[in-house]
Amino acid sequence: MKLHCEVEVISRHLPALGLRNRGKGVRAVLSLCQQTSRSQPSARAFLLISTLKDKRGTRYEANSSSLKGFLSAVRLAHRGCKVDIPVSTLTPVKTSEFENFKTKMVITSKKDYPLSKNFPYSLEHLQTSYCGLVRVDMRMLCLKNLRKLDLSHNHIKKLPATIGDLIHLQELNLNDNHLESFSVALCQSTLQKSLRTLDLSKNKIKALPVQFCQLQELTNLKLDDNEMIQFPCKIGQLINLRFLSAARNKLPFLPSEFRNLSLEYLDLFGNTFEQPKVLPVIKLQAPLTLLESSARTILYNRIPYGSHIIPFHLCQDLDIAKTCVCGRFCLNSFIQGTTTMNLHSVAHTVVLVDNMGGTEAPIVSYFCSLGCYVNSSDMLK
């Protein structure tokens, strides 16, 4: 019978000597063993603690009251189990048994990638780069302690929704793959509460879903060298975002909620930003349609909605509703104007937008009524 765990052996004599224990356990294999001898035919029970530095282990006889209490607790824990659990013999622990205690594994070549052997269950950091992976290995998704997953420099085209089951995942690196999207399922998974760093640079992503902005624990987002034609319209909801890099994409303008960001670092170099349009785009409806009026009421009063309450396509419309400069919302009735903003208004450090030394970019603004447009006309050129 063996148990993989962390063990700390404390001497009862330490307090009397004015000493304290380390207060920290070490990875060990705890074995319940037995040994017989010619002089003592009856089996003697031992508790064997083996560590990576002491593979043969240290034996503790089962005649002390504390050890008997431990064994009694084990017996009680297994009471009702119909399977007989054999005890181990007194043999040294193999080095391979300690591989399960690995917390970090780095694989940077295809020849080193494990094909017939599982990843250690205790991994917290796994990197598999330059391995030619075309999909995420499902064995990785069983690593429930994983905090950092680096799959950069592979050929992955699609992400499984089950990545969202890694409840402790804080860093996800997908740099230099063949991704074309980031699914809504991932955006609505437990990654909402855990993910802080996401690297999607050097892929083929054209747009991120509006639900991406539900990953509100994100602090670091890299989108360089993609085919991005727009940011999510609700990007201002990423309230914890501090580092944003989306250089060398195809962004023509920034969404109006970009103004709500509070960044430390921003890089939008090499995008195809357009010049602001002189004339606004007017799509006002008079009177408002029932759909428009209902949508504004739901959003303004923050009434909960979902596909279990209203049709799915109506949920999609509500998700991408425009935000007026006055703070109200509009669906299909609005005035759209374009102006420029100095990126230093949302970021402390700004990489130049172009080779001309500029730090300004076009931003789209929406107005729910003619009154809002007139009152804010000084925003537009």
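In what follows, the structure referred to is the one given above.
Residues numbered from 1 in each chain as written. Predicted model: local features only at pLDDT ≥ 70, side-chain atom pairs only at ≥ 80, totals over all residues. Heavy atoms only, no water.

1. A few points about the pattern of salt bridges
At step 1: Enumeration according to the criterion identifies six salt bridges in this entry.
At step 2: As a salt-bridge pair, Asp112 and Lys111 come within 3.4 Å of each other at their nearest N and O atoms.
At step 3: Glu257 is the salt-bridge partner of Lys234, the closest N and O atoms lying 3.9 Å from each other. One end of the pair, Lys234, is in the loop between strand 10 (220-222) and strand 11 (243-245); the other, Glu257, is in the loop between strand 11 and strand 12 (263-267), with 23 residues separating them in the sequence. (Salt bridge = Lys/Arg side-chain N within 4 Å of Asp/Glu carboxyl O. Helix = DSSP H or I, 4+ residues; strand = E, 2+ residues; numbered from the N terminus.)

2. Digging into helix 4 (residues 290-300)
At step 1: Those residues of helix 4 that fall on the buried side of the exposure criterion are Glu292, Ala295, Arg296 and Leu299. Here the buried residues of helix 4 occupy an arc of 100° about the axis, which is enough to place them on one side.
At step 2: Taken together, the buried residues of helix 4 touch helix 5 (312-319) and strand 15 (329-330).
At step 3: Immediately downstream of helix 4, the backbone of Arg302 shows phi near 55°, a positive value. (Buried < 20%, exposed > 50% of the residue type's maximum accessible area, 1.4 Å probe, protein only. Arc of directions from axis to C-beta. Contact = heavy atoms within 4.5 Å.)

3. Considerations on unusual backbone geometry
At step 1: Omega for the bond connecting Ala286 with Pro287 falls within 30 degrees of zero, at -5°, which places this linkage in the cis form.
At step 2: Turning to its location among the elements, Pro287 is positioned in the loop between strand 13 (281-282) and helix 4.
At step 3: Residue Asp225 is not a glycine yet carries a positive backbone phi of 55°.
At step 4: Structurally, Asp225 can be placed in the loop between strand 10 and strand 11.
At step 5: Looking at Asp225, the relative accessible area reads 26%, which means it is partly exposed.

4. Side note on the sheet that holds strand 18 (residues 360-367)
At step 1: Spatially, the three strands line up as an open sheet ordered 13-16-18, and their pairing is antiparallel. Looking at which strands have only one partner, the edges of the open sheet turn out to be strand 13 and strand 18.
At step 2: One ladder, built from two bridges, connects strand 13 with strand 16 (residues 335-342); its direction is antiparallel. Paired with Ile282 across the two strands is Ile335, which belongs to strand 16. (Pairing = 2+ DSSP bridges.)

5. Observations concerning the nonpolar core
At step 1: Counting residues in hydrophobic clusters, the biggest one holds 61 residues, and the most contacted among them are Phe231 and Phe258.
At step 2: Going through the elements one at a time, strand 5 (104-107), helix 2 (184-187), strand 12, strand 17 (347-351) and strand 18 are the ones with two or more residues in this core.
At step 3: If we ignore the near neighbours within four places in the chain, the residues touching Phe231 are Leu223, Leu244, Ala246, Leu251, Leu254, Pro255, Phe258 and Leu268.
At step 4: The next biggest cluster of nonpolar side chains, apart from the first, holds 10 residues, and it includes Cys324, Val364, Tyr366 and Phe367. (Core = buried A, V, L, I, M, F, W, Y, C linked by side-chain atoms within 4.5 Å.)

6. Considering the sheet that holds strand 10
At step 1: An order of 5-6-7-8-9-10-11-12-17 is seen for the nine strands of this open sheet, with the pairing classed as parallel. Only two strands of the sheet have a single neighbouring strand rather than two, namely strand 5 and strand 17. If you compare each strand with its neighbour and ignore which way they point, the axes differ by 5° on average. (Axes fitted to C-alpha atoms, helices over the stretch in contact; angles between N-to-C directions.)

7. Details of the state of the cysteines
At step 1: Counting across every chain of the model gives zero disulfides.
At step 2: This cysteine, Cys213, is not joined by any disulfide, and Cys233 carries the nearest cysteine sulfur, 7.0 Å off. (Disulfide = S-S within 2.5 Å.)

8. Considering the packing of aromatic side chains
At step 1: The full count for this structure, using the stated rule, is five aromatic pairs.
At step 2: Pairing Phe367 with Tyr373 gives two aromatic rings, centres 5.4 Å apart and planes at 85°, and the pair type is edge-to-face.
At step 3: A cation sits over an aromatic face here: Arg328 above Tyr300, 4.3 Å from the ring centre. (Phe/Tyr/Trp six-rings, centres within 6.5 Å; stacked < 30°, edge-to-face > 60°. Lys NZ or Arg CZ within 6 Å of the ring centre and 35° of its normal.)

9. What to know about the side chain of Asn249
At step 1: By secondary structure assignment, the location of Asn249 is in the loop between strand 11 and strand 12.
At step 2: On the basis of relative accessibility, which here comes to 3%, the residue Asn249 falls in the buried class.
At step 3: A distance of 3.0 Å separates a polar side-chain atom of Asn249 from the backbone oxygen of Leu223.
At step 4: Among the polar contacts listed, one links the side chain of Asn249 to the backbone nitrogen of Met228, at a separation of 3.0 Å.
At step 5: If near-sequence neighbours (up to four positions away) are discounted, Asn249 is found in contact with Leu223, Asp224, Asp225, Asn226, Glu227, Met228, Gly270, Asn271 and Thr272. (Polar contact = N/O pair within 3.5 Å; in protein donor to acceptor, adjacent residues only side chain to side chain.)

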